[in-house]
Amino acid sequence: MQPDLKAGPDGPDVTVADRRWNRAVPYPARVVDRAARAALVATGCHGPVTVVLADDRTVARMNWRHRGRNKPTNVLTFEYPAAGGIWGGDIIIAFETVAREAQAAGRDMAAHLAHLVVHGVLHLAEYDHHHPGEAREMEMLEARILSGLGVANPWKPGRMVSRGARS
């Protein structure tokens, strides 16, 4: 059963904790808002979602503290414990890792950010990719959501350059 997640009436709560996001992505909070809303609509989930655009150091510290892995990762998700039927969660995204991945894949930074927000919301909605069948289902849903945002399918070879996440 999928949890009940929804962005508030004003959308997800977005914090740009590292100013480099503002230089690398025009209107990053708008990209996050559109991607989170699209993923929530696609999953039919409802509840509060917070997205923090951070740096590698912050994400590495959180990854160590909560997962025992002493390195940064592109995105971390933390589900809120269900209380009174309300679900939700936090999504934290690391600037340097995302910039490296976007450059290596030849992708627009805004498109990669949109993809990671969608990915994070799907994790909050209890989608996972530990097994091949789960991974394929999650990838297909990500591609469908991203297509609606004007972002190329990140899972198709040769399709890594995207039109970007429209704001």
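Reading guide: rules and limits
Residues numbered from 1 in each chain as written. Predicted model: local features only at pLDDT ≥ 70, side-chain atom pairs only at ≥ 80, totals over all residues. Heavy atoms only, no water. Phe/Tyr/Trp six-rings, centres within 6.5 Å; stacked < 30°, edge-to-face > 60°. Lys NZ or Arg CZ within 6 Å of the ring centre and 35° of its normal. Pairing = 2+ DSSP bridges. Helix = DSSP H or I, 4+ residues; strand = E, 2+ residues; numbered from the N terminus. Axes fitted to C-alpha atoms, helices over the stretch in contact; angles between N-to-C directions. Contact = heavy atoms within 4.5 Å. 1 Å grid on protein atoms, 1.4 Å probe; cavity = no way out; pocket = protein on both sides within 12 Å on 5 of 7 lines; lining within 4 Å. Points joined across faces, edges and corners; volume = space filled by probe spheres on them. Core = buried A, V, L, I, M, F, W, Y, C linked by side-chain atoms within 4.5 Å. Buried < 20%, exposed > 50% of the residue type's maximum accessible area, 1.4 Å probe, protein only.

## Some thoughts on the packing of aromatic side chains
Here the distance between the centres and the angle between the planes together describe a pair of aromatic rings.
Part 1 of the argument: Under the defined criterion, the tally for this structure stands at one aromatic pair.
Part 2 of the argument: Here the guanidinium or amino end of Arg30 rests over the ring plane of Tyr27, the centre of that ring lying 4.4 Å away.

## Description of the sheet that holds strand β3 (residues 75-79)
By way of backbone hydrogen bonds, the strands of a sheet pair with one another, either parallel or antiparallel.
Part 1 of the argument: Pairing is mixed in the open sheet, where four strands are placed in the order β1-β2-β4-β3. Two strands in the sheet have a free side with no partner beyond their single neighbour: β1 (13-16) and β3. Looking at each pair of strands side by side, their axes are set apart by 15° on average, direction ignored.
Part 2 of the argument: Across the sheet, helix α2 (residues 28-43) lies against β1 and β2 (49-54), angled at about 145° from β2, the strand it touches most.

## Here we look at the layout of surface pockets
Part 1 of the argument: Counted as a void, the largest pocket has a volume near 490 Å³.
Part 2 of the argument: Along its surface, the largest pocket is lined by 24 residues, and Arg67, Val75, His119, His123 and His129 are the ones closest to its centre.
Part 3 of the argument: When contributions to the lining of the largest pocket are tallied by element, the ones reaching two or more residues are α3 (56-67), β3, α5 (109-124) and α6 (132-148).
Part 4 of the argument: Examining the composition of the lining of the largest pocket, we find that five residues originate from one element, α5, more than from any other.

## Side note on the nonpolar core
Part 1 of the argument: Within the largest apolar cluster, 37 residues are counted, with the highest numbers of intra-cluster contacts made by Trp21, Ile91, Ile93, Leu113, Val117 and Val118.
Part 2 of the argument: Every element with two or more residues in this core is listed here: α2, β2, β4 (89-94), α4 (95-105), α5 and α6.
Part 3 of the argument: Ranked by residues supplied to this core, first place goes to α5 with eleven residues.
Part 4 of the argument: Judged by nonpolar contacts, the second largest core, of six residues, contains Ala54, Leu76, Phe78 and Ala94.

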